[in-house]
Amino acid sequence: MRGVTLANNKVYPQFAHFSHTLNPIRIGSVNPPIQYYELYNGSECSMSYEVLTDSLDQLTRDNHNCQILSCLLPIGRVQPHSVAQIPFVFSPLEAKIYAVDIKIMVLGDKTYTITLFGEGVRECSEARMVTNIPVKQAILLPNQLAVLSHEAVDFDAIPTFASAEKIIFLTNTSNENVTFRWNTATTAISNEMVSVAPQTGMLHPKSSTLIQVRVKPTPAPAIMDLDVICEITDNSKEEDYHMKVAKYRHHLEESRVTFTITEDRQKSPATPGELMDSWKSASTLNKYHTLPPIQAVAPAPLDRPLKSPREYCCSRTRKHGEVQDRKKKAPITEEVKPTPPQPFYLHLRVTGQIKDIQEFCGDISTYTIPYTAIDMAEFVAPIREVDSSENNVVTGVLGNILKSLLEDVDIHDAIRNLEKEPIPYFLQLQPDSVDTSTQEEATEETSEIPVKVDPTKDAHPEVNRKIASVIADILDETLGNILQESTQKELVLTARPRTIALPPRTPPSGKMSLLTPFSTLT
């Protein structure tokens, strides 16, 4: 175990490793994902940093002014005991491994150098993030109050603008009631990408609750590796703490308005007889030497005891330089401010990759995509001016492609066979068309007859999308409530269906004589 002692105003950055390998990216990706490098502030004060982009600019110049690696936020600030995630975008041009040394300057400290490695691949790799961290906890700690059913949640690949959910369970392993609270604001990025519901709650001993982990819709591709913290607090210790705090405040208020008199009780004045008894004759006084002047004289430095100089005095009843005995005052007992109980922390790792919706290879229909949040301008590449050399390259490449298409016989045959292709199956699902001629004649005869409108046509797409979103939320809440009731043993999903036999109908009293019992008909 190693540690560092720091001053109050001294920053202390901590790097997990000075060489970091980025995830492989397919060459030619239009919208590559955002990847992060973490920087931890282990000091008690805020820390400012700046990523020097000189090496990144040199890498761009070496690759024909194509931006291979870029830092989106080169300047940032890290709060005490917090993690900053520095975003990078890696866009390879070739199928090789890139390496670049990047300098990070910390204000009030030295400049550190880290090395980033990135690999460009030809085909899209769907390999998951492999780690040695187990998904479930095998052994409980001695003072552990709760446990998660899964300590790591992998969302795999998610398209942009889509949301996904996973379900885990939180179980109380103690014999006391506990309160849990989720903290998703470990970093600014995790708070924007992940949400947990319910955020807070209470668990009885040996009981469980359902937790929904949701990835929010994100417009830009990114690679997630986030840490979400669950704080578990013992309710009994929390109640004891609040009682001690109330007692401490009461003691402070009492000490502020009350006081205690510590002086000795005054004696009554002496009588004249007592004064005469204490009188001594002059002859008795003459046999004593003259008293020295009254002053405070301390002993020699080497023989001086560890006492205050004011405790040395001269009096008629004590020898010169003798320490005067004083009553030791009783120490004033001060109430110590109570400290809150330390919560138990559970860490949930959230991993996954958010891919561009145009490059997503999975089934998009399995995800909830709020279409109102999609801005079509995101899919349009920005238009910029090109120089003469770039114009010549584009003109030559497109000319060769068009010339090859015109000379290719297979292309000609495919174009001729387009008319002979069978009708696709989805075109057969169109509704019957409305007879427009009959409708026009009816509208000419009278204006009171309403015009028929095809109900299958989407006249208000935004309204229909909102309705679909509301229905999806209702189904989500319904399934969540069923699972929650099943977890709390209020509903048994595996129970056999019960048939409730209703009682036979009793006819009115006036018609009883007209009915014959079923037993007499046999």
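Since this is a predicted model, take the numbers as computed values, not measurements. (Residues numbered from 1 in each chain as written. Predicted model: local features only at pLDDT ≥ 70, side-chain atom pairs only at ≥ 80, totals over all residues. Heavy atoms only, no water.)

Comments concerning the overall build of the chain
Within the chain, the regular secondary structure consists of 10 helices and 19 strands. In the chain, which comprises 522 residues, the proportion classed as buried is 24%. Within the chain, residue pairs in contact and separated by at least 24 positions form 72% of the contacts whose partners lie at least 6 positions apart. Carbon together with sulfur atoms contributes 55% to the accessible area of the chain, which is approximately 40,000 Å² in total. (Helix = DSSP H or I, 4+ residues; strand = E, 2+ residues; numbered from the N terminus. Buried < 20%, exposed > 50% of the residue type's maximum accessible area, 1.4 Å probe, protein only. Contact = heavy atoms within 4.5 Å. Areas by Shrake-Rupley, 256 points an atom, 1.4 Å probe, with all protein chains shown as cover.)

Overview of helix 7 (residues 409-416)
An α-helical segment advances 3.6 residues per turn. Residues three or four places apart therefore align on the same side. Sparse coverage of helix 7 is indicated by the burial of zero of its eight residues. One side-chain oxygen at the N-terminal end of helix 7 lies 3.1 Å from the backbone nitrogen of Asp410; it belongs to Asp408. (Polar contact = N/O pair within 3.5 Å; in protein donor to acceptor, adjacent residues only side chain to side chain.)

What about a nonpolar patch on the surface?
There is a patch of nonpolar side chains on the surface, built from Val393, Val394, Val397, Leu398, Ile401, Leu402, Leu405, Ile411, Ile415 and Leu418 and spanning about 890 Å² of accessible area. Only helix 6 (388-407) and helix 7 provide two or more residues apiece to the nonpolar patch. Ranked by the residues each element gives to the nonpolar patch, the list is headed by helix 6, at seven residues. Position of Val397 among the secondary structure elements: in helix 6. Val397 sits in the partly exposed class, given a relative accessible area of 44%. (Patch = residues over 30% accessible without salt bridge, like charges linked within 9 Å, V, L, I, M, F, W, Y side chains within 5 Å. Salt bridge = Lys/Arg side-chain N within 4 Å of Asp/Glu carboxyl O.)

A short note on the sheet that holds strand 11 (residues 146-148)
Here four strands make up an open sheet; going across it, the order is 11-13-17-15 and the pairing antiparallel. Every other strand in the sheet has two partners, leaving strand 11 and strand 15 (194-197) as the edge strands with one partner each. Across the sheet, the mean angle from the axis of one strand to that of its neighbour is 25 degrees, orientation sign disregarded. As judged from the three bridges shared by strand 11 and strand 13 (residues 164-172), these two strands associate in the antiparallel manner. Bridging across to strand 13, Leu148 finds its partner in Leu170. (Pairing = 2+ DSSP bridges. Axes fitted to C-alpha atoms, helices over the stretch in contact; angles between N-to-C directions.)

Remarks on the side chain of Thr351
Take Thr351: it is sitting in strand 19 (residues 344-355). Given the relative accessible area of 10%, Thr351 is considered buried. There is a polar contact of 3.3 Å between the side chain of Thr351 and the side chain of Asp154.

Some details on unusual backbone geometry
The peptide bond linking Ala197 to Pro198 adopts the cis configuration, its omega dihedral lying at 0 degrees. Its place among the elements puts Pro198 in the loop between strand 15 and strand 16 (200-203). Positive phi outside glycine occurs at Asp156, with the angle close to 60 degrees. Inspection of the secondary structure puts Asp156 in strand 12 (residues 152-159). In this model, Lys206 sits at a positive phi of 65 degrees, which is unusual for a non-glycine residue. By the secondary structure assignment, Lys206 is in the loop between strand 16 and strand 17 (208-215).

Notes on the pattern of salt bridges
Here the structure, examined in full by the defined rule, presents seven salt bridges. Here Glu253 ties to Arg256 by a salt bridge, and the two come within 2.6 Å at their closest N and O atoms. Of this pair, Glu253 and Arg256 both sit in helix 3 (residues 235-257), three residues apart, roughly one helical turn. Note that Arg416 and Asp413 form a salt bridge whose closest N and O atoms lie 3.1 Å from each other. Here Asp413 and Arg416 lie together in helix 7, a separation of three residues that amounts to about one turn. Judged by its relative accessible area of 56%, Arg416 is exposed.

Some points on the confidence of the model for the chain
Parts of the model with low pLDDT should not have their predicted coordinates read in detail. For the chain, the mean per-residue pLDDT works out to 76, and 69% of the residues sit at or above 70. Ranking the elements of the chain by mean pLDDT puts helix 10 (residues 518-521) last, at 42, and strand 14 (residues 178-183) first, at 93. The low-confidence segment residues 300-331 (pLDDT under 50) makes 26 contacts with residues lying over four places distant or belonging to another chain. A low-confidence stretch, residues 372-381 stays under pLDDT 50, and its non-local contacts, those more than four residues away or across chains, total eight contacts. (pLDDT = per-residue confidence, 0-100.)

Considering the side chain of Thr184
In this fold, Thr184 is placed in the loop between strand 14 and helix 2 (188-193). By relative accessible area, Thr184 is classed as buried at 9%. A polar atom in the side chain of Thr184 sits 3.3 Å from the side chain of Asn191.

Focus on helix 1 (residues 54-62)
Of all the residues in helix 1, the buried ones are Leu56, Leu59 and Thr60. Summarising the axial view, the buried residues of helix 1 lie within an arc of 100 degrees, below the 170-degree limit, and thus occupy one face. When the buried face of helix 1 is taken as reference, the exposed residues oriented beyond 90 degrees from it are Asp54 and Asp62. On its buried face, helix 1 sits against strand 6 (69-71) and strand 9 (97-106). After helix 1 finishes, the residue His64 shows a positive phi value of roughly 60 degrees. (Arc of directions from axis to C-beta.)

A look at the pairing of strand 18 (residues 222-234)
Of all 13 residues that make up strand 18, 11 are buried, and the element is covered over most of its length. When strand 14 meets strand 18, the two strands line up antiparallel, connected through six bridges. Following the sheet pairing, Trp182 is matched in strand 18 by Cys230.

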